[in-house]
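Structural overview for review
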Amino acid sequence: MKKILNAPEAYVDEMLSGLIAAHPEYYRLHGESGKVVARATPGKAGKVGIVTGGGSGHLPVFTGYVGTGLLDACAIGDVFASPSAEQMADAIRAADQGAGVLRLYGNYGGDVMNFDMAGDLVEFDDIACTTVLLTDDVASAPPAEAEKRRGVAGMVYAFKIAGAAAEEGRDLDAVTAVAQKAADACRSIGVALSSCTVPQAGKPTFDIADDEIEMGMGIHGEPGVWRGKLRTADQIAGEMIDRLLADMPLGQGDRVSILVNSLGATPPEELYILYNVVKARLEGEGATIVMPLVGRYATSMEMAGVSFTLIKLDDELESLLKAPCDCAFWRVG
Amino acid sequence: MKKILNAPEAYVDEMLSGLIAAHPEYYRLHGESGKVVARATPGKAGKVGIVTGGGSGHLPVFTGYVGTGLLDACAIGDVFASPSAEQMADAIRAADQGAGVLRLYGNYGGDVMNFDMAGDLVEFDDIACTTVLLTDDVASAPPAEAEKRRGVAGMVYAFKIAGAAAEEGRDLDAVTAVAQKAADACRSIGVALSSCTVPQAGKPTFDIADDEIEMGMGIHGEPGVWRGKLRTADQIAGEMIDRLLADMPLGQGDRVSILVNSLGATPPEELYILYNVVKARLEGEGATIVMPLVGRYATSMEMAGVSFTLIKLDDELESLLKAPCDCAFWRVG
Amino acid sequence: MTIDIAALRIGLARVAAAMERDFEELNAADGALGDGDLGVTLTRGMRAIMAQADDLPEDLGRALLACAQAFTKASGSSYGTLMATGLMAIAKELKGETTLDPARIPDLVAKARDQMQARGKADLGGKTVLDSLDAVATATAGKTDASALADAAATAAETVLETFRDKRATVGRARIFGDKSVGMDDPGMLAMARIVRALAARDA
Amino acid sequence: MTIDIAALRIGLARVAAAMERDFEELNAADGALGDGDLGVTLTRGMRAIMAQADDLPEDLGRALLACAQAFTKASGSSYGTLMATGLMAIAKELKGETTLDPARIPDLVAKARDQMQARGKADLGGKTVLDSLDAVATATAGKTDASALADAAATAAETVLETFRDKRATVGRARIFGDKSVGMDDPGMLAMARIVRALAARDA
Ligand SMILES: Nc1ncnc2c1ncn2[C@@H]1O[C@H](COP(=O)(O)OP(=O)(O)O)[C@@H](O)[C@H]1O
Ligand SMILES: Nc1ncnc2c1ncn2[C@@H]1O[C@H](COP(=O)(O)OP(=O)(O)O)[C@@H](O)[C@H]1O
Ligand SMILES: [Mg+2]
Ligand SMILES: [Mg+2]
Ligand SMILES: [Mg+2]
Ligand SMILES: [Mg+2]
């Protein structure tokens, strides 16, 4: 897989510089690391701050979702690598408007330790911090160990919902509670068709034959549930939905949203082909689909593949999901 | 390159069905061919209609740009194949609100003949039609034969500008004139890193070595200007800008917009890396960049590569570019 | 000998069979200088015609109009649209007639050529299907005997293909290949040579 | 024999050199069970420390705090953060002191282990760097002679690696490999064996 870049070491810095040059109305750099992005116009005083962080290579995740009704700041690491605790502390400081900061991010060991350490660092600044972890990837641990699961595209829903709650003026506990509710209501599964290349590694992260796919693979190429021959869109979508429903059954009258997400190379044409099955299956369970998302919301650079994220909504989650938001990659309302 | 699909012959029909199922608030099918998409809520009576058409496999182009402040209807062919004259006639009928219809599309032989024939067909319905062709791809013919050039991503600007003019209530001649002005002000060039696969062909459209790129290649894999070794992002962007400026020089005080477009697989990270050079070079000419577009606006499914489209703006074009628009893939205002 | 709807059906069936036979070859010829869909276009169009062959009206004009519409619907490729345009031009001339004197064929071919030229906005000599039709119209002009006509048409379509082989393409997708097109058959001319040979029942 | 800033500098330099030497090996070990960045993390961290080695204060606590911060900034990988946490724990104990009696080392290692365990929220026995530190703390406990301490530490870090090789990983990225992790070294334990051997000047 060919990439357009200069020095591999400069990939992330140049990416951020271009992002901010192209969208100065949305993003600015904060602090001295060059790896913390904050809203161009900070949220209003007294608003709960929401901060996230993680490795690069997942645009719009993470940085892209800094914006009104979404995140306040983000610490970005190298491609697929956690940012440092120092950077996360900077991001927390950038997000703080005096009402405390929710750390909302995916469950990866390095990120968790660093965000915890960042919390220790900002204690000196008297910033109250809470944490909600996304653990939505059903392929990464059985239900009995659900708290060990990786966080993947579910964070898109969590950012949106928590962001709307904070924008409404709720306090830190309330924003944290609704973020946790959103995180708990999300289930995801991915399927990879091809690898991507981490610039500094210079070769594909994993090998996969021309006619193979891997069900349940993680967004950094973590092992999945099975690897086998490419199947039809209907079969792939059917199995993915099966696995989500096995983990979170739906019933008559349930309201859900679903994110049909490309990991990068897979074009929207193919997401829409999958959506036919997704819709038929969910409606077949008696559920109503609200605000489906189809596109590239959480990616692994040029990896081919898709993920589905299902979120079961109650009235509160649904109204926050539909509330306005605005960033360079996503607008609602 | 692996694709997620069912029967290759069903690719386009299933794609359209999923698109409309996911976004019923934006799109509906019109007529009996199953290949004409119109706004879910038609434009108001007396508004000039804008219609386009072309092959599938370029989302958001063409169908995706049906929406307020953009297109009224679109006829879609098979992947990379022109829709039929009958379908185009249906699209013209769907677009007509009694004030005539502008046919706004890319200069490809089949599309031109079919849209002309479609015009003959709708003459019986007393629908006045005008035509503006995009011929923005500088790699496809020398300046002396500029009218023979292919139309590529420049149509994004043309749709936006003509769409805003129509929404404002201008008459057919005025909308046609400003669409022509926009088309004349656009220059594009693409570079391909990898091929894509047309579902019914089942194999990549062209072969290109693992370390090769093709400068000037068309969005269906048409031959470009040279094929050679992969270069750095700075070198690639530099040559592309050189070629655009050679065709349309800029000077102090010029106002331009630029679309840094992924052909599909190339991730936004790499578009932003390119944007640094783009910005430096254009500003180096004394130009001011207005509303830069960075993302996937006109694609070739999972092809890796990028295109740049430069548009020189006057006050009228700039204000129409910035006017509101809304479709499932793009919102302004 | 005159041509009626029964004769037309036989001619169409021969063309349909020839296009099935030449499917890969025409795709490949178009693939070398374009997007490789010419065989697809022609088999689709002819299948659509054959699907309604039994229902074609006696009126040759209306019958050919139905054939033209089949092409219009089946494909948006240049060739499909050009075929539809040519068929429509001939259909117009034959409206209301149930028999056709072969002696009118050269003139009908010329009419098709002119309408197709208007549609495609390309000059004669550009190495396209127009040059095939022009050669056929010229070679058959003045001939009245059906068999002589058929011979002349089949030969002309074949000969013009060879004459143009070493020219440069200037129209359509092939144009972009520039000098690489020299020495290669124009796919549309190749297809027309096969169509004419089938219609003329001069297949080897 | 006591340890002062000069001795610390020598120890750091030995670790830094060992990490450069083992760069590919550590990346490969981590690549087999994780994301392959462990060599990167450790060389980056040690390079950052060496860049300021000459400027380290006499105060061993402050010197180690600076080392911890170098790791915090250099990398966000789990191991970098754990190293920083462990160094910080030791730094706290040594604040204001310019010399260190080797007899305190077992206790300091235990302190580091405990703080790192709190940070990583993983149990002992999970086949991680915690088990290496635990083994070192236990094996050195009660020893006061520098040379005996060094021997015990280097041997313990090596032995525990072998003891755990055939267990299943239960923590971090390696967990996901499940049974495949049996028979493979935990990359963090491997790295700690190398670090301890370098500090103890017991490199082969
Ligand atoms: N503008 C034109 N005028 C006349 N003939 C044309 C024109 N464009 C294409 N052709 C003919 O059509 C053939 C290609 O047909 P087709 O494969 O359907 O085109 P495409 O796939 O590019 O739409 C060419 O070989 C040429 O003979
Ligand atoms: N939660 C944890 N507690 C203790 N040790 C851990 C933990 N997570 C990882 N480790 C150790 O760190 C090593 C991996 O470090 P590193 O490659 O930096 O991790 P990653 O790249 O996944 O962030 C493991 O081999 C293990 O020894
Ligand atoms: Mg063709
Ligand atoms: Mg074609
Ligand atoms: Mg690692
Ligand atoms: Mg790591």
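Source: prediction; values computed, not measured.

**Comments concerning unusual backbone geometry**
A cis amide bond links V61 of chain A with the next residue in sequence, F62 of chain A, at an omega value of -5°. Here F62 of chain A shows up in the loop between β3 (49-56) and β4 (73-79). Residue P60 of chain B is reached from L59 of chain B by a cis peptide bond, and omega for that bond is 5°. For P60 of chain B, the position within the fold is in the loop between β3 (49-56) and β4 (73-79). Positive phi values are uncommon outside glycine, yet K127 of chain D reaches one of about 65°. Its location among the elements puts K127 of chain D in the loop between α6 (105-120) and α7 (129-140). Exposure remark for K127 of chain D: the relative accessible area of 2% places this residue in the buried category.

**Regarding the coordination of the magnesium ion (ligand 4)**
All names here are of chain C. In this structure, D35 (OD), D37 (OD) and S77 (OG) serve as the protein donors to the magnesium ion (ligand 4), at separations of 2.0 to 2.7 Å. The sequence pattern describing where the donors of the magnesium ion (ligand 4) fall on their chain is D-x1-D-x39-S. Separating the magnesium ion (ligand 4) from the magnesium ion (ligand 3) is a gap of 3.6 Å, bridged by D35, which donates to each. Remark: S77 occurs in the loop between α4 (60-74) and α5 (78-94) and D35 occurs in the loop between α2 (23-33) and α3 (38-51); sequence separation between them is 42 residues.

**As for the site of ligand 1**
Residues in contact with ligand 1 amount to 19 residues; listed here are only the nearest, D35, S78, Y79, R173 and D186 of chain C. With respect to ligand 1, its neighbouring residues span chains B and C. Within the backbone of G120 of chain C, an N or O atom sits 3.0 Å from a nitrogen atom of ligand 1. Residue R173 of chain C places a side-chain N or O atom 2.7 Å away from an oxygen atom belonging to ligand 1. With the chains in place, 93% of the 570 Å² that ligand 1 exposes on its own is no longer accessible. Put simply, the parts of the chain that give the shell around ligand 1 at least two residues each are α5, α7 (129-140) and α10 (187-199) of chain C. Residue composition of the shell around ligand 1, grouped by class: nine nonpolar, five polar and five charged.

**Some details on the packing of aromatic side chains**
All names here are of chain B. Scanning all chains against the criterion turns up 12 aromatic pairs over all chains. Taking 5.9 Å as the distance between ring centres and 45° as the angle between the ring planes, the aromatic pair formed by Y26 and Y27 counts as tilted. A relative accessible area of 1% means that Y27 is categorised as buried. Judged by centre distance (5.6 Å) and plane angle (85°), the ring pair of Y297 and W330 falls under edge-to-face. Note that Y297 is positioned in the loop between β12 (293-295) and β13 (305-313) and W330 in the loop between β14 (325-326) and β15 (331-332), a separation of 33 residues in sequence.

Here is what the cut-offs are and how they apply
In this convention, every chain numbers its residues from 1, walking through the sequence in written order. In the order they appear in the text, chains get letters beginning with A and ligands get numbers beginning with 1. A pLDDT threshold of at least 70 governs which residues receive local features in this predicted model, and a stricter bar of 80 or more applies before side-chain atom pairs are shown or counted, although totals over entire chains, interfaces and linings include all residues. With hydrogens and water stripped out, all remaining heavy atoms of the structure feed into the side-chain values. Under the scheme used here, helices are H or I runs from DSSP no shorter than 4 residues and strands are E runs no shorter than 2 residues, and both carry numbers assigned from the N terminus. Summary of the burial criterion: residues with accessible area below 20% of their type's maximum are buried, those above 50% are exposed, and those between are partly exposed, where the area comes from a 1.4 Å probe applied to protein chains only. Note that water is not among the atoms used; donors are N, O and S atoms within 2.8 Å of the metal (3.2 Å for Na, K and Ca), so sites may look incomplete. Whether a residue is near a molecule or strand is decided by its heavy atoms; if any one of them lies within 4 Å of it, the residue is near. Pairs of N or O atoms within 3.5 Å make up the polar contacts considered here, provided that, within protein, one atom can donate a hydrogen while the other can accept it, and that residues adjacent in sequence are counted only when both atoms are side-chain atoms. Each accessible area value is a Shrake-Rupley result obtained with a 1.4 Å probe; residue values ignore everything except the protein chains displayed when judging cover. Gly falls in the polar group here, along with every residue not listed as nonpolar (Ala, Val, Leu, Ile, Met, Phe, Trp, Tyr, Cys, Pro) or charged (Asp, Glu, Lys, Arg). The rule is short: rings of Phe, Tyr and Trp, with Trp giving its six-membered ring, pair when the centres are within 6.5 Å, and they are stacked under 30 degrees, edge-to-face over 60, tilted in between.

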